[in-house]
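Descriptive analysis of the structure
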Amino acid sequence: MLQQIKLNKFEIQEAADHAKVLELGGKSFRDSDDRKKYLSQDQLVGVVGEMAFSLYLTGSIDKWRVTKQARLRCIGTGDGGSDLIGLNVDVKTSLVRSIDRPLWEYHLAVRPNELHNGITYVLILVTELGEESATCNVMGFAESEDFGAPMGSGIFEGAHAIPANQLNRLPSLRWF
């Protein structure tokens with residue numbers, strides 16, 4: 001069963017505030033013009049995914065908050081694949097733009113310079129993103145050694161990518 005995490009309007013606003021600070025324009029699958037056009041949305045989607053993973057894993061966004069406060073002290077420096085301080089997890093998040101495309105056709109994609117030994121990569125797909133709420137789908141994970149050679153063509157050319165239907169499933173955790 002697919003694990004869904006819902007964020008409320010207060011969490012979305014906090015994520016948006018943090019994402020605004022991160023609009024530095026780093027690496028992307030988009031070309032230069034598209035990167036600039038979608039930078040705000042892309043940053044928000046990434047931050048929302050990290051927040052949702054904190055909720056999935058711990059039942060709260062407190063670990064996410066601590067991590068973000070620490071990252072603000074060294075902005076512009078990479079996190080080495082740790083999206084929650086002290087945890088070897090790199091959350092990769094994508095916004096689902098087409099309801100006609102099944103979620104299982106999306107990919108967990110990692111650029112070669114972001115692929116590190118000992119890191120676990122988690123794919124989260126955002127199927128709803130608004131000012132009042134967001135719906136995040138925890139699709140699964142892959143270890144660094146699960147990735148094959150970089151893709152030779154297409155949108156993920158040069159990146160290591162695994163289709164969502166081939167990812168390891170995370171357990172369906174529920175917080176009471």
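This report concerns the structure included in the present document. (Residues numbered from 1 in each chain as written. Predicted model: local features only at pLDDT ≥ 70, side-chain atom pairs only at ≥ 80, totals over all residues. Heavy atoms only, no water.)

1. So, the pattern of salt bridges
Tallied over the entire structure, the rule returns five salt bridges. One salt bridge connects Arg 65 with Glu 14, and the closest N-O pair in it is separated by 2.8 Å. In this pair, Arg 65 is assigned in helix H3 (residues 62-72) and Glu 14 in helix H1 (residues 9-21), connecting sequence segments 51 residues apart. Looking at Arg 65, the relative accessible area reads 35%, which means it is partly exposed. We classify Glu 14 as partly exposed; its relative accessible area is 26%. A salt bridge links Glu 114 to Lys 92; the nearest nitrogen and oxygen atoms lie 2.9 Å apart. In this pair, Glu 114 sits in the loop between strand E3 (107-110) and strand E4 (120-129) while Lys 92 sits in strand E2 (residues 89-95), placing the two residues 22 residues apart along the sequence. Among the charged side chains, a salt-bridge network with shared partners connects Glu 14, Asp 62 and Arg 65. (Salt bridge = Lys/Arg side-chain N within 4 Å of Asp/Glu carboxyl O. Helix = DSSP H or I, 4+ residues; strand = E, 2+ residues; numbered from the N terminus. Buried < 20%, exposed > 50% of the residue type's maximum accessible area, 1.4 Å probe, protein only.)

2. A short note on the environment of Gln 41
As for its placement among the helices and strands, Gln 41 is situated in helix H2 (residues 32-58). Apart from the residues lying within four places of it in its own chain, the contact partners of Gln 41 are Leu 95 and Arg 97. (Contact = heavy atoms within 4.5 Å.)

3. Digging into the packing of H1 against H3
As a packed pair, H1 and H3 sit with axes 12 Å apart at the nearest point and diverge in direction by 20°. Relative to H3, H1 is oriented roughly parallel. For the pair H1 and H3, the crossing hand works out as left-handed. Counting all contacts with H1, which are made through Glu 14, Ala 15, His 18 and Val 21, the residues of H3 involved are Trp 64, Arg 65, Lys 68 and Leu 72. Broken down by class, the residue content of the contact of H1 with H3 amounts to four nonpolar, one polar and three charged. (Axes fitted to C-alpha atoms, helices over the stretch in contact; angles between N-to-C directions. Parallel < 35°, antiparallel > 145°, perpendicular 65-115°, else oblique. Left-handed = near helix turned anticlockwise from the far one by under 90°. Nonpolar A, V, L, I, M, F, W, Y, C, P; charged D, E, K, R; others polar.)

4. Examining H1
Given a rise of 1.5 Å per residue, 13 residues ought to cover 18 Å, and the 19 Å separating the end C-alpha atoms of H1 matches this to within 8%. Burial in H1 covers these residues: Glu 11, Ile 12, Ala 15, His 18 and Ala 19. Angular distribution of buried residues about the axis of H1 spans 130°; they occupy a single face of the element. Exposed residues on H1 whose side chains face more than 90 degrees from its buried face are Phe 10 and Lys 20. By the N-cap criterion, in which a side-chain oxygen at the helix start approaches the backbone nitrogen of a residue two or three places on, H1 is capped by Asn 8, the distance to Phe 10 being 2.9 Å. (Expected span 1.5 Å × (residues − 1). Arc of directions from axis to C-beta. Polar contact = N/O pair within 3.5 Å; in protein donor to acceptor, adjacent residues only side chain to side chain.)

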